Structure formats: structure tokens, C-alpha cells
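Summary of the model geometry
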Amino acid sequence: MPVLVMKFGGTSVANLDRIKRAAKRIGVEVAKGYDVIVIVSAMSGKTNELVGWVNETSPLFDAREYDAVVSSGENVTAGLMALTLQEMNVPARSWQGWQVPVMTTSAHSQARIEDIPPANIMAKFDEGMKVAVVAGFQGISPEGRITTLGRGGSDTTAVAFAAAFGAERCDIYTDVDGVYTTDPRICEKARKLDKIAFEEMLELASLGAKVLQTRSVELAMRYKVKLRVLSSFEEQSDEAGTLVCDEEEIMESNVVSGVAYSRDEAKMTLVSVADRPGIASIIFGKLSDAGVNVDMIVQNISDEGRTDMTFSLPTDQVGRAEKAMNEIKGQELNYEELVTDLDVCKVSVVGIGMRSQSGVAAKMFKVLSDEGINIKVITTSEIKISVLVDRKYMELAVQALHDAFELEKAA
Ligand code: ADP
Ligand code: ASP
Ligand code: MG
């Protein structure tokens, strides 16, 4: 039998009615003759609640116990989905990550999937099971402990299963009907894309468009998984939603194809650090050891052998970063002051057309300046430009850039 992977995000399994609705959709695919692997998220809001409980109990928590707690939301929906399908006379069984097993690295809270041996689930399909409902977002480490894959990780579970089982397609059912030029919730002119190139989706995801987890796009690109994003709230045809595909499959595209934002950014500056070889290595080595994911980095021009070092990081890692920097303040770094700015966000424009067309950065900076928005940090790559700005300007910046690059119009 051909295998299909269907993933349902938090809002699509938010209550028993929605689980029923999703189960009906699964039933349609089973009736077409597929063996279906369903990946479920926790009910919407559940993971946030669990993360909150962990933070309240232990602010600089042991990530192994964080995983033990936050992985539990998916277990509930997997069991409920299997029961709902059984009530519809669809032979279904639920699987937690460790039962499959979804084998991951031991990087707790940010683990990567290393292998998914298909044998156990395949044996059940051979016995007549039609749907394997798998708890997304979780796996098991070589040490035998439960791991999680980072926020939004069920998308990655889905693509990894599609690759491991040679699925015909991986359908990501969510609360919007596809990938848009920007988040339709903050820009009403956002336009749904029928297709988007892997490279662009990868950038958008890594710059904050949470419709797909970055790692899921990476895996789909590497293993040539046919990946589709569509709504779980509407009746769906086989062409619905957005297909994430190779660049060559897209005939025309705008120079800028999307705008992304990331709300939860913070900026830290080490004021007046000694400017000598090895300093950056000490700072960023220490941050990395503390599990801090540094994003943008700027080093000022040196003045009398001293410089300022600025970097951005997710807001929820500020506590760890401050602790790490305080630990090396006296002995090695001897900086004057550590300044933290919690009210920033990152706004980015993305497009593979930027490879061949110049002037995008100049236009972006002009648009922001016309709106009176001050840019704090800039980074660029071949197909994206990102800026850090005050968070209060986030929506304004996204909308102004969407307008200026005329993203509401198709190429
Ligand atoms: P799920 O719970 O189904 O995994 P998520 O909340 O993780 O859903 O992702 C879907 C959300 O992503 C949408 O509700 C939308 O607000 C947001 N989003 C951000 N950028 C985009 C974009 N470019 N296209 C579509 N949705 C986007
Ligand atoms: N429930 C997890 C989260 O909210 C994983 C997911 O939904 O993809 O991050
Ligand atoms: Mg998600």
C-alpha cells in the first residue's frame, strides 16, 4: 500500500470535535487505499502550559526533565486520535516516540532525529492496521531518555516519517490554508502562495515564520519529500494549500517572495571588552556551552584596544546568557557592563531573486526610515536581509515592507 503522512497541528486537535473532524479527513485518505501515518501535536496551548510549569518550578531547568514534562501533551492527542478512529471503524493504534522508536541525539529540548526504523509500524500495517497515530515532537536518546525536537517539532516528526517510509506525500494540516507572503494574522494583504521553493521556505522558517519548523524544511529538501501545507478547517482537494518544492518547479517569482518576523528576540551588549585575539572565541564558546543560540553578532570598531560586542538571542535564553557572561566577567573578559534589551524583534525579507538583483537592501532601509523605524542590527545572506528593530514597530515594519515590495501581487 502507498503510505501517506498527515500531520495535525495544535489548533487542528484543540478539542474532541476538532479531533473528530481531523479523523474524518484521515478516513477519506484511508478510503483511497493509503496506509496513513498521522502525526499529532499537543492540543493548542498545552505545550505552552507545560513549558510554563517547568519554568515556574525551575528557571534554569535540567533539559532532561523539561523533555519529560513537555513531551506529554502529544501523548494525550495520539491516544485520543486512535480512539476516535477506532470509533469510526478505522483500524488505528497510537505510538509514542520511544515505541516506534524515533531515535534522536541527546541534545535535550533541541534533539535531532537520527533514525526511524520502519519495521515495527510496517509489521502492524501488514496485520491490517490502517492508521498509525504517532505523537509528534518527541523521540528517545541513545541513553534511553525521552527527548523533544524544539518548538514546532511535530512538523519535523512528520517529514522524517515521510522520508523513512517513502511516503507519497507529507501533508501538514494547520490553521491557515497554506504558506503566505507573510503571516496573514498581522498583514491582511498577505497572499497565499501555490508553491514556494525549499530555499525560500527554509529562510522564512528560520527567520520566524512558524508555519513550518526549519528542520522539517531541511529534511524535506534533503530527502525530496513532497511537502504540502493546508488547512484542516476546509474541505480539501488534492491541489489545495501550498506545495514546498524545488526552485525549478516555479516559473515566475518576485525578487522578494516573503517577509518574516520573530517577536521574541533580545539584544545583549558587552560594553568595552578588551579587543584582542581570542575574545570572540571566549564569549561565544561560553554562550554555546550554556546552550544559548546566538543569532546576529556585531563587533564595534575598536577604540584604544577596547570594543563593544553585541549579539541577539531568543528572549527565553537571556537568563542563561547573563549567568554565563557573569561567570567570565572577572577572569577573562573584564568588560565594563552587560546591557540587555528585551524589547526588540527581527524583521526579514527573503527571496531567491535577490541573488541576481541588487538594491533590495537599500529599498528595505529606505522603507523603514520613511516609517521612522530605527535599525539596531543588520545581517544579510545571499537570499535574505534581516534587521533588528524595536518590538513596538514590528507589525508596522512587516506591513510597510509587504507594501513596498508589492507582495500582494503575483509575479
Ligand atoms: P500548528 O499548530 O498547526 O503547527 P503553527 O501555529 O505552528 O500551527 O503555525 C501556523 C501559524 O503560522 C499561522 O497561524 C500563522 O499565524 C503563522 N505564520 C507565520 N508566518 C506565516 C506565513 N508566511 N504563512 C502562513 N502562516 C504563517
Ligand atoms: N506541541 C509542540 C509545540 O507547540 C510541537 C508542535 O506542535 O509542533 O511546540
Ligand atoms: Mg507548528
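Provided above is the structure to which this section pertains.
Attention here is on the structure that accompanies the text. Residue positions within a chain follow its written sequence, with the count starting from 1. Written order decides the labels, with chains lettered from A and ligands numbered from 1. Local features in this predicted model are restricted to residues of pLDDT 70 or higher, and side-chain atom pairs are both shown and tallied only at a pLDDT of 80 or more, whereas totals for entire chains, interfaces and linings draw on every residue. Values shown for side chains rest on all heavy atoms present in the structure; no hydrogens or waters enter the calculation.

Next up on the list: helix α2 (residues 46-57). A rise of 1.5 Å per residue sets the reference length of α2, with its twelve residues, at 16 Å; its end C-alpha atoms lie 17 Å apart and thus fit the reference within 8%. Only protein chains enter the accessibility calculation, which uses a 1.4 Å probe; a residue is then buried when its area is under 20% of its type maximum, exposed when over 50%, and partly exposed in between. The helix and strand labels rest on DSSP assignments: H or I over at least four residues marks a helix, E over at least two residues marks a strand, and numbering proceeds from the N terminus. Restricting attention to buried positions, one finds in α2 the residues Thr-47, Leu-50, Val-51 and Val-54. Buried residues of α2, viewed axially, fall in a sector of 100°; they line one side. In what follows, a contact means two residues having at least one pair of non-hydrogen atoms within 4.5 Å. Buried residues belonging to α2 abut α3 (63-70) and α4 (72-87). By this rule the span expected of a helix is its residue count minus one, scaled by 1.5 Å. Think of the arc as the fan of directions from the helix axis to the C-beta atoms.

On to helix α9 (residues 279-289). Where α9 is concerned, the buried positions are Ile-279, Ile-283, Phe-284 and Leu-287. One face of α9 carries all of its buried residues, which in axial projection span an arc of 105°. Every exposed residue of α9 that faces more than 90 degrees away from the buried side is listed here: Ser-281 and Asp-289. Taken from the residues just after α9, Gly-291 is the one with a positive phi, measuring 80°.

For the rest of this paragraph, the subject is the side chain of Asp-341. Position of Asp-341 among the secondary structure elements: in strand β16 (residues 337-350). A 3.5 Å cut-off defines polar contacts: any pair of N or O atoms within that distance qualifies, except that in protein one atom must be a possible hydrogen donor and the other a possible acceptor, and neighbouring residues in sequence count only when both atoms are side-chain atoms. At a separation of 3.0 Å, a polar atom in the side chain of Asp-341 contacts the main-chain amide nitrogen of Asp-343. Ignoring sequence-local partners within four residues, the contact set of Asp-341 consists of Ala-266, Lys-267 and Lys-376.

Throughout, the term near means that a residue has one or more heavy atoms lying within 4 Å of the molecule or strand in question. Close to ligand 1 lie 16 residues, the nearest being Thr-174, Asp-175, Tyr-180, Asp-183 and Arg-185. Lys-7 places a side-chain nitrogen or oxygen 3.1 Å from an oxygen atom of ligand 1. Classes in brief: Ala, Val, Leu, Ile, Met, Phe, Trp, Tyr, Cys and Pro nonpolar; Asp, Glu, Lys and Arg charged; the others, Gly included, polar. Considering only residue class, the shell around ligand 1 consists of six nonpolar, five polar and five charged.

Our next topic: the sheet that holds strand β12 (residues 242-245). The eight strands are arranged β3-β6-β2-β1-β9-β11-β12-β10 in an open sheet whose pairing can be described as mixed. Looking at strand neighbours, the two that pair on one side only are β3 (92-95) and β10 (195-197), the edges of this open sheet. Adjacent strand axes in the sheet meet at a mean angle of 20° when their direction is disregarded. We call two strands paired when DSSP finds no fewer than two bridges between them. Relative to strand β9 (residues 169-174), strand β1 (residues 3-8) runs parallel, the two being bridged by five bridges. Residue pairing in the sheet places Met-6 in a bridge with Asp-171 of β9. To get an axis, a line is fitted to the C-alpha atoms, and for a helix only the part in contact is used. The angle between two axes follows their N-to-C directions and goes from 0 to 180 degrees. Its contacts with the sheet place α4 against β2 (35-40), β3 and β6 (131-135), and it is angled at close to 165° to β6.

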